[in-house]
Amino acid sequence: MRVLIVALAVCLLAGCGAQQRSADTSTASAPPAASAPASPAGGAGTQAVAASAPKMIEALTNQKQVFECPKCGMDYDAAGTCSMDGAELVAMRVDYTCPMDHQPVAQAGHCPRCAMNARVEKTALAANATPGKP
Ligand SMILES: [Zn+2]
Ligand SMILES: [Zn+2]
């Protein structure tokens, strides 16, 4: 019995340290599933989640970079894992362009030059991506 407890403790201290941002281990009082239904309703972070956990983005406004879940497609504001399915988030560059003239627009919503809504395009960032590239 004691061996099992020691193994768990070692795992918590060392091996599983990287997992603690998911807050699954620290929120012992509430099951992890409880955070899933509340997230779309709250959104603003009224819930007691760990500060380091990536926050879900419900609608893109002027974000230049988001982190997208490859499984469910949700966008997050920081790197980490998806709170819904635990998948590793992928960095995506976000571009806003006018569908009429294909020129960049500062943010989502309608274009300052015409009545069209800016198109949101996401591009997966490679690990060696150069940030300055247009
Ligand atoms: Zn997901
Ligand atoms: Zn336009």
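The structure under discussion appears in the preceding block.
Bear in mind that the values here come from a model prediction, so they are computed numbers and not experimental data.

**What about the coordination of the zinc ion (ligand 1)?**
At 2.2 to 2.6 Å from the zinc ion (ligand 1) lie its protein donor atoms, namely Cys69 (SG), Cys72 (SG), Cys82 (SG), Asp85 (OD) and Asp85 (OD). Read in sequence order, the donor residues coordinating the zinc ion (ligand 1) give the pattern C-x2-C-x9-C-x2-D.

**A few points about the coordination of the zinc ion (ligand 2)**
Binding of the zinc ion (ligand 2) to the protein goes through Cys98 (SG), Cys111 (SG) and Cys114 (SG), at separations of 2.2 to 2.3 Å. When the donors of the zinc ion (ligand 2) are listed by position in the chain, the intervening gaps give C-x12-C-x2-C. Residue classification places Cys111 among the buried residues on the basis of a relative accessible area of 1%. The exposure class assigned to Cys114 is partly exposed, which follows from its relative accessible area of 26%.

Here is what the cut-offs are and how they apply
Residues numbered from 1 in each chain as written. Chains lettered and ligands numbered in written order. Predicted model: local features only at pLDDT ≥ 70, side-chain atom pairs only at ≥ 80, totals over all residues. Heavy atoms only, no water. Donors = N, O, S within 2.8 Å, 3.2 Å for Na, K, Ca; no water. Buried < 20%, exposed > 50% of the residue type's maximum accessible area, 1.4 Å probe, protein only.

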